[in-house]
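# Summary of structural features
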Amino acid sequence: AGCSVCFKRHVSSSPSRLQSCMSAWVIDQYGTNGVLRYTEDITIPTVSSPSEVMIKVHAASLNPLDISMRGGYGAKLLKLRRDPMSVMDSDSEFPLILGRDVSGVVVDCGSEVTHFAPGDEVWAAVPPWKQGCLAEFVTLTEYEVSHKPELLSHTEAASIPYVASTALSALVNAGGLCRDSSSDKRVLITGGSGGVGTFSIQLLKAWGAHVTVTCSQNAEGLVRGLGADEVVDYTTGDVAEQLEMMEKFDLILDNVGGDTEQWAIGLLKPWSGAKYITLVTPLLLSTDSMGLLDGTIHAGFTLHTKAIQNIISSGVFYRWGFYAPDGPALDEVKKLVDAGKILPVVEAQFPFTQVPQAFQKLEQGHARGKTVVRVA
Ligand code: NDP
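Residues numbered from 1 in each chain as written. Predicted model: local features only at pLDDT ≥ 70, side-chain atom pairs only at ≥ 80, totals over all residues. Heavy atoms only, no water.

### Here we look at the site of the ligand
Among the 21 residues in the neighbourhood of the ligand, the closest are listed as Ser193, Ser216, Tyr234, His366 and Ala367. Residue Val196 places a main-chain N or O atom 2.9 Å away from an oxygen atom belonging to the ligand. His366 is positioned with one of its side-chain polar atoms (N or O) 2.7 Å from an oxygen atom of the ligand. Burial of the ligand by the protein chains amounts to 78% of its free accessible area of 920 Å². (Near = heavy atom within 4 Å. Polar contact = N/O pair within 3.5 Å; in protein donor to acceptor, adjacent residues only side chain to side chain. Areas by Shrake-Rupley, 256 points an atom, 1.4 Å probe, with all protein chains shown as cover.)

This is the structure we're talking about:
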């Protein structure tokens, strides 16, 4: 398993004490911001399998998922994924550490890790079923980790992995796009001013697509600066009417959800392989409210029904997009960042002492890029 010699050399030497515990923000129950608790007594997540990489966290960023998970969203399904044997035990997931994006430095590697060594600067998106990175250390499998872009600070780098992994999973796996197949594509991104939107605009522009974005009027400068070709202000006038006057789209990435699909699917080119992909899906809400089996069946039935209806009526593919852990995909993002084609969009920064304030900022909504926590 883990290389204890490396661990002692790299972990104990930097904090100048032999650590067995670390500081972290944890929750011991689900609820509002008051459940966040700072502690210095969390056992360090040492390497316990040959493919693991232990990272000293320098910066972490927050996502809407952190707010939702703080309140218990997805608890049933994530618990099953975390530890199938204790899925029936109440409270077995606590103390739970939130925080999905990490930028930091490798301090220890399992015996089979080939791509990383202690001292490497890395970034990663921590899967929601693993302990998060609002902590001094986080441990992931090698496949989930990637070398961080050299030109970015840890604070900047931490703003990218989770939204990048989500956008790539949605656009590539669900949407069938790639670097070489996007130049003749017209893409609509709803909610273009947030974390996923600001990344997706840049990725699609780097791939040569034509990008239309919906956002608030005061975000127009931001999204145009990132490369958006057309911008529709959803706060003035009927957004669907404004979009209907444009040429139809090949793909829609929906970051808003709600009733968006009711008017958006009609904006796609019929019978030409066009795809509607929403990131706002009912899967975890269904498993939370109906239980694992009934919730999964219900969500699957909903997806299947909508997919069939849309393919029969207009030849449009209806899909749900999900975050997927993917270190190699982040390697590709690193190349685009190194080439200056993707910039970090950090809206707000907080020190590690102010994690509850960072959650408050995120909870106010109206994100313009990402909120980052400086950990080290
Ligand atoms: P953010 O909170 O960073 O961004 C949301 C953005 O949408 C804000 O800029 C907001 O600004 C804007 N917005 C709100 N309402 C509208 C509207 N009606 N039309 C256009 N823009 C609007 O969220 P993320 O980008 O991180 O995530 C987007 C969605 O995707 C979230 O619901 C998130 O939970 C989900 N998601 C799902 C994942 C999955 O695995 N399925 C993974 C990651 C994210 P303003 O209100 O000022 O207009």
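### What to know about the pattern of salt bridges
Side chains that differ in sign of charge can pair as their charged atoms come close. The tally for this structure, following the rule as stated, stands at 15 salt bridges. Where Asp229 meets Lys205, a salt bridge forms, and the shortest distance between an N and an O atom there is 2.8 Å. You can see Asp229 sitting in the loop between helix H7 (220-225) and strand E11 (230-233) and its partner Lys205 sitting in helix H6 (residues 195-206), a full 24 residues away along the chain. A residue is classified by how much of its surface remains accessible, and Asp229, at 29% relative accessible area, is partly exposed. Assessed through its relative accessible area of 27%, Lys205 is described here as partly exposed. The residue Asp338 makes a salt bridge to Lys334 at a minimum N-O spacing of 2.9 Å. Pair noted here: Asp338 and Lys334 are both in helix H12 (residues 327-338), with a separation of 4 residues, about one helical turn. Relative accessible area serves as the criterion here: at 32%, Asp338 is assigned to the partly exposed category. Overall, the relative accessible area of 14% leaves Lys334 in the buried class. (Salt bridge = Lys/Arg side-chain N within 4 Å of Asp/Glu carboxyl O. Helix = DSSP H or I, 4+ residues; strand = E, 2+ residues; numbered from the N terminus. Buried < 20%, exposed > 50% of the residue type's maximum accessible area, 1.4 Å probe, protein only.)

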